[in-house]
Amino acid sequence: MVRRPVAGVVAVVLLAEAVFIAALNWFLGVVVDRQDMSLAGLDPDVMSTSSKIGGVVFGLYFALCALVAVLVAVRDRAPAGLGRVLLISAAVVHGLLGAFAWGLVGWTAFLFMVVVLGLIVLLLMTYDRAAGPQSEAPGGGVPGQGGGPAARTEPGPAPAGAGAPAGRTDEPQDGDDEPQDSVPAQITVPAPTTP
């Protein structure tokens with residue numbers, strides 16, 4: 001299966017990014033503090049402290065997203081609830097950071113952000129579908145028994161009687177002016193999820 005390695009790669013990348021973001025912001029805070037720099041009259045101590053706090057907050061955020069990816073890899077189930085929201089928000093953050101990185105840092109930072117965004121979206125999409133008809137039938141593994149996909153039968157013709165629909169005429173009826181689906185709707189079974 002390709003799902004577990006993708007989740008593992010996403011976890012490693014997000015954890016490395018968490019450490020890098022926290023260390024970079026901490027370093028910038030130390031530089032501002034030692035140089036005694038000020039921006040538009042702001043207090044250097046406030047700038048230094050806010051940079052360090054921002055680095056810790058973003059580092060913990062990406063570390064939490066990495067933990068969700070680890071749980072997805074270990075349990076081999078789709079993220080649900082807060083975990084899914086965290087991964088979606090991490091994808092949005094990487095999209096925004098990629099857009100800013102193109103103008104401020106260069107195309108290599110943009111490329112990195114887009115690759116991480118793609119990995120997170122791939123993780124979310126690979127766990128999005130149910131197992132499908134290739135999965136084992138519930139009746140002991142033999143298709144056609146126990147209500148598996150092959151056991152379903154097509155409905156027979158409706159009996160004629162008082163409740164039977166009348167034959168079709170050439171006159172327009174309710175719903176004829178709306179588009180009709182050529183393929184009947186398929187019902188999918190929801191997949192188990194992980195928190």
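Residues numbered from 1 in each chain as written. Predicted model: local features only at pLDDT ≥ 70, side-chain atom pairs only at ≥ 80, totals over all residues. Heavy atoms only, no water.

- As recorded by an unreviewed UniProt entry, the protein chain carries the name Integral membrane protein and is attributed to Streptomyces tricolor.

Some words on the packing of aromatic side chains
Thought 1: Scanning the entire structure with this criterion turns up four aromatic pairs.
Thought 2: Judged by centre distance (6.3 Å) and plane angle (35°), the rings of Phe58 and Phe62 are tilted. With Phe58 and Phe62 both in helix α2 (residues 44–75) and four residues apart, the pair spans about one turn of that helix.
Thought 3: For Phe58, a relative accessible area of 39% puts it in the partly exposed group.
Thought 4: Taking relative accessible area as the criterion, Phe62 reaches 1% and is therefore assigned buried.
Thought 5: Ring plane angle 50° and centroid distance 5.2 Å describe the contact between Tyr61 and Phe62, whose orientation is recorded as tilted.
Thought 6: Taking the relative accessible area as the measure of exposure, Tyr61 reaches 18% and is therefore buried.
Thought 7: Through successive ring pairs, a cluster of aromatic residues spans Phe58, Tyr61 and Phe62.
Thought 8: Sitting over the ring of Trp26, Lys52 keeps its end group 5.0 Å from the ring centre. (Phe/Tyr/Trp six-rings, centres within 6.5 Å; stacked < 30°, edge-to-face > 60°. Helix = DSSP H or I, 4+ residues; strand = E, 2+ residues; numbered from the N terminus. Buried < 20%, exposed > 50% of the residue type's maximum accessible area, 1.4 Å probe, protein only. Lys NZ or Arg CZ within 6 Å of the ring centre and 35° of its normal.)

A short note on a negative patch on the surface
Thought 1: There is a patch of like negative charges on the surface, built from Asp33, Asp36, Asp43 and Asp45.
Thought 2: Within the secondary structure layout, Asp43 lies in the loop between α1 (3–35) and α2. (Patch = residues over 30% accessible without salt bridge, like charges linked within 9 Å, V, L, I, M, F, W, Y side chains within 5 Å. Areas by Shrake-Rupley, 256 points an atom, 1.4 Å probe, with all protein chains shown as cover. Salt bridge = Lys/Arg side-chain N within 4 Å of Asp/Glu carboxyl O. Lys, Arg positive; Asp, Glu negative; His and termini not counted. Charge placed at Lys NZ, Arg CZ, Asp CG, Glu CD.)

Examining the UniProt feature "transmembrane region" (unreviewed entry) in the protein chain
Thought 1: Mapped onto this numbering, the UniProt entry gives "transmembrane region" (unreviewed entry) at residues 7–32, 52–73, 85–103 and 109–127.
Thought 2: End C-alpha to end C-alpha, residues 52–73 measures 31 Å, and it is 100% helix and 0% strand.
Thought 3: As a span, residues 109–127 carries 95% helix and 0% strand, and end to end its C-alpha atoms are 28 Å apart. (UniProt positions renumbered as here; feature names shortened; annotations may be inferred.)

Side note on the nonpolar core
Thought 1: Counting residues in each nonpolar core, the largest one holds 26 residues, and the members touching the most others are Val10, Leu14, Leu87, Ile120 and Leu123.
Thought 2: Counting only elements with at least two residues in this core, the list comes to α1, α2, α3 (82–104) and α4 (107–126).
Thought 3: Per element, the largest residue contribution to this core is eight residues, and it comes from α2.
Thought 4: Sequence-distant contacts of Ile120, defined by excluding residues within four places in its chain, comprise Val10, Leu14, Leu87, Ala90, Ala91 and His94. (Core = buried A, V, L, I, M, F, W, Y, C linked by side-chain atoms within 4.5 Å. Contact = heavy atoms within 4.5 Å.)

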